[in-house]
Amino acid sequence: MYKISLITGDGIGPELSDSAISVLNTINDKLDLKFEITTLPAGDKALHETGKALPDETIQTIKNSDVCLKAPVGESAADVIVVLRRMLDLYANIRPAKSYPHMSALRDDIDMVIVRENTEDLYTGKEFSLGNAAVALRIISEDASKRIAKYAFETAKQRNNMKKVTCVHKSNVMRMTDGLFAKSCIEVAKNYPDVLFEQMYVDACAMNLIRQPEKFDVIVTTNLFGDILSDESSQVVGGLGMAPAANIGDNFALFEPVHGAAFDIAGKNIANPSSFLLSIKMMLDWLGAKHHDTKCFTVAQKLESVIFDLVKSGVKTKDIGGDRSTSEFTREITNKL
Ligand code: NAI
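Residues numbered from 1 in each chain as written. Predicted model: local features only at pLDDT ≥ 70, side-chain atom pairs only at ≥ 80, totals over all residues. Heavy atoms only, no water.

Trainee: I'm lost on the environment of Ala182 in this one. Help?
Mentor: Here Ala182 shows up in helix 6 (residues 177-189). Classification of Ala182 by relative accessible area gives buried; the value is 5%. Linking Ala182 and Glu142, residues 40 residues apart in sequence, is a C-alpha distance of 9.8 Å. Residue contacts for Ala182: discarding those within four places in its chain leaves Cys167, His169 and Gln199. (Helix = DSSP H or I, 4+ residues; strand = E, 2+ residues; numbered from the N terminus. Buried < 20%, exposed > 50% of the residue type's maximum accessible area, 1.4 Å probe, protein only. Contact = heavy atoms within 4.5 Å.)

Here it is in structure tokens:
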């Protein structure tokens, strides 16, 4: 029995959470893997109702669970997810971009993953006023850079792909901060002679993600660059509706879609739940590895195949060229499970 804490979020968050609960309940009933799900408030609605975007009880319940699922939140994201990442030391943000067939995607031959450092950089939001200017503090440390580089090389080693790590930075301009990040990655690369290593400036990377995305396997980069590049990479393979993410630490992990609360389509039952359901797939793989539970791997594989097969057969939501609603698409998945 795995205890899952589930932040239901804002905007399309509740619709995606309903879909996730439905799929998890089906797994509970049919596939011999048991979950106890506790839904939790956090985000704009929680801020409005309780005065806190991340209520204390939510934090406590997350800490008492085996794993956390988080639907997107809105404008208070910095006070929810950025805080949780640092509080739980979820230092690796893993964002795969993988082609699925029959998508309105730019490319159908992509299988890459962005490994984004998740605890430092401008993303910590340490800013202050200085006269009539504003200053942001960017801290990059050797320890955090080496830790994420190691995670990226281990990921490349395990993946069935090119076994290549591309370190993305802008050390020609930010010589101290990105210089340290690049230097740390070069150091770590020496321990992985079987993994190809290359460096790329972030502007060149943004261009190459469109021009020749098939050349990427694992990208390792700093927090803000990773945030931006992963929205781009998801678009290359069909859009944010298909983009899952994992926030991983040594002892705990949180899984969420790459995208935000999508207020423009909230309440219309048209959001693509795949981003959240593929995050559940990543969660199952993580639980399987942590608890040596092969059932988790089997169900993870099954869930991905069901989504893959549905999309292939043309059963898909509007954002990727289909006509199914969120709830219809979810029902197709639970039927197939
Ligand atoms: P967004 O990621 O919410 O949406 C961008 C575009 O993608 C929109 O047109 C939206 O309709 C579409 N989209 C996103 N997810 C989709 C899905 N599952 N199915 C179909 N279409 C989908 O970005 P935006 O509009 O910049 O941000 C909205 C809010 O989300 C903001 O308040 C922001 O602060 C918050 N946010 C929260 C995040 C989190 O909880 N981790 C991450 C990013 C943004």
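There is more to say, and it comes next.
Trainee: Any chance you could explain the pattern of salt bridges here in plain terms?
Mentor: Proximity of charged atoms lets side chains of opposite charge pair with each other. All chains considered together, the criterion is met by 20 salt bridges. Across the salt bridge formed by Asp227 and Arg116, the nearest N and O atoms sit 3.5 Å from each other. Of the two residues, Asp227 is situated in helix 8 (residues 223-236) and Arg116 in strand 5 (residues 111-117); the sequence distance between them amounts to 111 residues. Linking Asp323 and Arg324 is a salt bridge whose minimum nitrogen-to-oxygen distance equals 3.0 Å. By relative accessible area, Asp323 is classed as exposed at 62%. When salt bridges that share partners are traced, they join Lys70, Arg85 and Glu256 into one network. (Salt bridge = Lys/Arg side-chain N within 4 Å of Asp/Glu carboxyl O.)

Trainee: I would appreciate a short explanation of helix 11 (residues 326-336) in the present structure.
Mentor: Because an α-helix completes one turn every 3.6 residues, residues spaced three or four positions apart along the sequence face the same direction. Listed in full, the buried residues belonging to helix 11 are Thr326, Phe329, Thr330, Ile333 and Thr334. Here the buried residues of helix 11 occupy an arc of 135° about the axis, which is enough to place them on one side. Of the surrounding elements, those touching the buried residues of helix 11 are helix 1 (13-30), helix 9 (274-291) and helix 10 (294-312). (Arc of directions from axis to C-beta.)

Trainee: Just checking my understanding: could you explain the sheet that holds strand 2 (residues 35-40) for this structure?
Mentor: Backbone hydrogen bonds hold the strands of a sheet together, and the pairing may be parallel or antiparallel. As summarised here, the arrangement of the 10 strands in space is 2-1-3-12-11-4-5-10-8-9, forming an open sheet in which the pairing is mixed. For this open sheet the edge positions go to strand 2 and strand 9 (196-201), each flanked by a neighbour on one side alone. Going across the sheet, the axis of each strand differs from the next one's by a mean of 20°, ignoring polarity. The pairing of strand 4 (residues 92-98) with strand 11 (residues 244-248) spans 3 bridges and is classified as antiparallel. (Pairing = 2+ DSSP bridges. Axes fitted to C-alpha atoms, helices over the stretch in contact; angles between N-to-C directions.)

Trainee: Whenever I open this one, the state of the cysteines confuses me. Can you help?
Mentor: Note on terminology: disulfide describes a covalent bond linking the sulfur atoms of two cysteines. Per the counting criterion, the structure on display carries 0 disulfides. Cysteine Cys167 is unpaired, with the sulfur of Cys185 as its nearest cysteine sulfur at 3.6 Å. Take Cys205: it sits in no disulfide, and the sulfur closest to it among the cysteines is that of Cys167, at 10 Å. (Disulfide = S-S within 2.5 Å.)

Trainee: Would you mind going over the domain arrangement of the chain with me for this structure?
Mentor: Accessible area lost when the parts come together is the quantity often used to give the size of an interface. Here the domain parsing of the chain yields domain 1 (1-91 + 240-337) and domain 2 (106-236). Taken over C-alpha atoms, the centre of domain 1 sits 25 Å from the centre of domain 2. In this complex, domain 1 contributes 11 residues to the contact, which on the side of domain 2 involves 13 residues. Of the roughly 1100 Å² buried between domain 1 and domain 2, counting both surfaces, carbon and sulfur atoms make up 51%. (Domains from an automatic or database assignment. Buried area = accessible area lost by both parts, 1.4 Å probe.)

Trainee: How should I be thinking about the pairing of strand 12 (residues 253-257) in this particular structure?
Mentor: Regular strands have side chains that alternate between both faces of the sheet. Where burial is concerned, most of strand 12 is hidden: 5 out of the 5 residues are buried. Neither face of strand 12 is open: one carries Ala253, Phe255 and Pro257, the other Leu254 and Glu256, and all of them are buried. Pairing geometry for strand 3 (residues 67-70) and strand 12, over 2 bridges, is parallel. Pairing of Cys68 across the sheet is with Leu254, part of strand 12. As paired strands, strand 11 and strand 12 are joined by 5 bridges and run antiparallel to one another. Counterpart to Ala245 in the pairing with strand 12 is Glu256. Linkage of strand 11 to strand 12, two consecutive antiparallel strands, is achieved through a turn of 4 residues.

Trainee: Got a minute to help me understand the site of the ligand in this structure?
Mentor: Surveying the vicinity of the ligand reveals 22 residues, the closest of which are Glu75, Gly260, Ala261, Ala262 and Asp264. Here Lys70 contributes a side-chain N or O atom positioned 2.9 Å from an oxygen atom of the ligand. The contact in question runs from an oxygen atom of the ligand to an N or O atom on the backbone of Ala261, over 2.9 Å. Its free accessible area being 820 Å², the ligand has 69% of it covered by the protein chains. (Near = heavy atom within 4 Å. Polar contact = N/O pair within 3.5 Å; in protein donor to acceptor, adjacent residues only side chain to side chain. Areas by Shrake-Rupley, 256 points an atom, 1.4 Å probe, with all protein chains shown as cover.)

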